[in-house]
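Residue-level structural notes
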Amino acid sequence: MNFKAIEPVGNKLKILDQRRLPREVRYNEYDDYRDIIESIKTLEVRGAPAIGIAGAFALAIAAQAEVKTDLERLKKILVDIAREIRSARPTAVNLAWAVDRTLDKANHYAGDRIDEYRRILWNEASLILAEDEAMCHAIGAHGQALLKDGDTVLTHCNAGALATGGSGTALAVIYAARDSGKKVKVFADETRPLLQGARLTCWELMQEGIDVTLICDNMAGFLMQQGKIESVILGADRIAANGDFANKIGTYSVAILAKEHGVPFYVAAPTSTFDPGINSGEDIPVEERSPDELTNWGGVPIAPPGVKTYSPAFDITPAELVTAYITDKGITWGKRKGD
Ligand code: MRU
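Read on for a plain summary of the structure. Only a predicted model underlies this, so the values are computations on that prediction, with no experimental measurement involved.

1. A word on the environment of I278
Looking at the element boundaries, I278 is found in the loop between β11 (274-275) and α10 (292-295). Under the relative-accessibility criterion, I278 is labelled buried at 11%. Counting along the chain gives 22 residues from I278 to I256, while the straight-line C-alpha distance between them is 23 Å. The residues contacting I278, other than those within four sequence positions of it, are R238, A240, A241, D283 and I284.

2. A closer look at the environment of P264
Mapped onto the fold, P264 is located in the loop between α9 (251-260) and β10 (265-268). Sequence spacing of P264 and G227 is 37 residues, and the spatial spacing of their C-alpha atoms is 12 Å. Contact partners of P264, with chain neighbours within four places excluded, come to E230, S231, V232, T323 and R336.

3. Quick notes on the state of the cysteines
Counted by the stated rule, this structure contains 0 disulfides. Free cysteine: C202, not disulfide-bonded; nearest cysteine sulfur from C216 at 11 Å. Look at C202 and you get buried, because its relative accessible area is 8%. For C216, a relative accessible area of 28% gives the class partly exposed.

4. Some details on the sheet that holds β11
Here we have 4 strands laid out as an open sheet, ordered β11-β8-β9-β14, and mixed in their pairing. Whereas interior strands pair on both sides, the edge strands pair on one side only; in this sheet they are β11 and β14 (314-317). Where strand β9 (residues 245-248) lies against β14, 4 bridges are found, and the strand directions are antiparallel. From the neighbouring strand, N247 faces β14, where its bridge partner is D315. The strands touched by α9 within the sheet are β9 and β14, with β14 carrying the most contacts at an inclination of about 35°.

5. Looking at helix α1 (residues 33-41)
Along α1, the residues classified as buried are Y33, I36, I37, S39 and I40. The buried residues of α1 occupy one face: seen down the axis, they fall within an arc of 160°. Considering only its buried residues, α1 is in contact with β2 (12-16), β3 (27-30), α2 (48-65), α3 (71-86) and α4 (93-107). Following α1 by one or two positions, L43 has its phi on the positive side, about 70°.

6. Details of the packing of α3 against helix α5 (residues 114-143)
It is the contact of α3 with α5, at a shortest axis distance of 9 Å, that shows an interaxial angle of 30°. Here α3 lies roughly parallel to α5, going by the angle between them. Every pair of crossing elements has a handedness; the one defined by α3 and α5 is right-handed. Each of L71, L74, K75 and L78 in α3 lies in contact with α5, whose residues at this interface are I114, Y117, R118 and L121.

Definitions and cut-offs
Residues numbered from 1 in each chain as written. Predicted model: local features only at pLDDT ≥ 70, side-chain atom pairs only at ≥ 80, totals over all residues. Heavy atoms only, no water. Helix = DSSP H or I, 4+ residues; strand = E, 2+ residues; numbered from the N terminus. Buried < 20%, exposed > 50% of the residue type's maximum accessible area, 1.4 Å probe, protein only. Contact = heavy atoms within 4.5 Å. Disulfide = S-S within 2.5 Å. Pairing = 2+ DSSP bridges. Axes fitted to C-alpha atoms, helices over the stretch in contact; angles between N-to-C directions. Arc of directions from axis to C-beta. Parallel < 35°, antiparallel > 145°, perpendicular 65-115°, else oblique. Left-handed = near helix turned anticlockwise from the far one by under 90°.

And the structure:
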């Protein structure tokens, strides 16, 4: 991979600005946690694992900035800052998970040295990043066994290196298949309204020399009908205890199409995306985004002024539609295994 979506540099966080891709490859460095929250909200950094990593570093960076304080006061300040970071985006569990884990780890420190407390926060954020990289690798290694030489895979949104601290989840499977000598082709759904598929997945796969073909979201059914797709592999933002999962809006439609056409439907995700505290998809909070994302593109209006809009950023796919979950621990077969 010749880029990193997110990387600590000194005591700053370096983020690849995904709002500008594919037009421009630009990195920004942040040493203010509020800028990182803004970066998460505006999708400069995006994808469930990546926003978790960004959130953990935002907390560590906030602790560094609070210089005129003692340890007890810093701990109190960070409770509020952690809440602020967690609420930047509600759907991907990875964000709250990473922020809570980082704070928890630091709060187990029983000493009274503020520098040590800050160091623990930074180290935990770094550990989350390193673990995510390893989980991506493991997801790829397990998942590639599901692909045959010559297969064509459909993916939705971007669940690649741009969305994680490593080589991705869904796209890690593609990279691992390639590395094991299989020729695999990809169809990338454009993924309206923010075009993560067109702008990001196509860019990333082309950087890696993977054969990728861009399609509009509404073309997937026709391609399946024509027998052009061997499997669907995509990511997840939160997987409930019963296997229902949230992912980018449009995922549910792809799952229904895959079932109708007998195409295996795989969800690739690290353990940090599983939320055992939530029973079913009904309880997953779905982020709603600004109407502007529907009514404008690149600053140009594409709908009549004043039109009513509804813009859920994610949808919920029931477990019944999943053939298998590809995780860092291995393959867990889903309810569609047999068909
Ligand atoms: O709104 P986004 O771009 O953050 O949505 C991202 C997705 O839906 C991804 O598929 C998901 O986070 C998995 S990334 C490994």
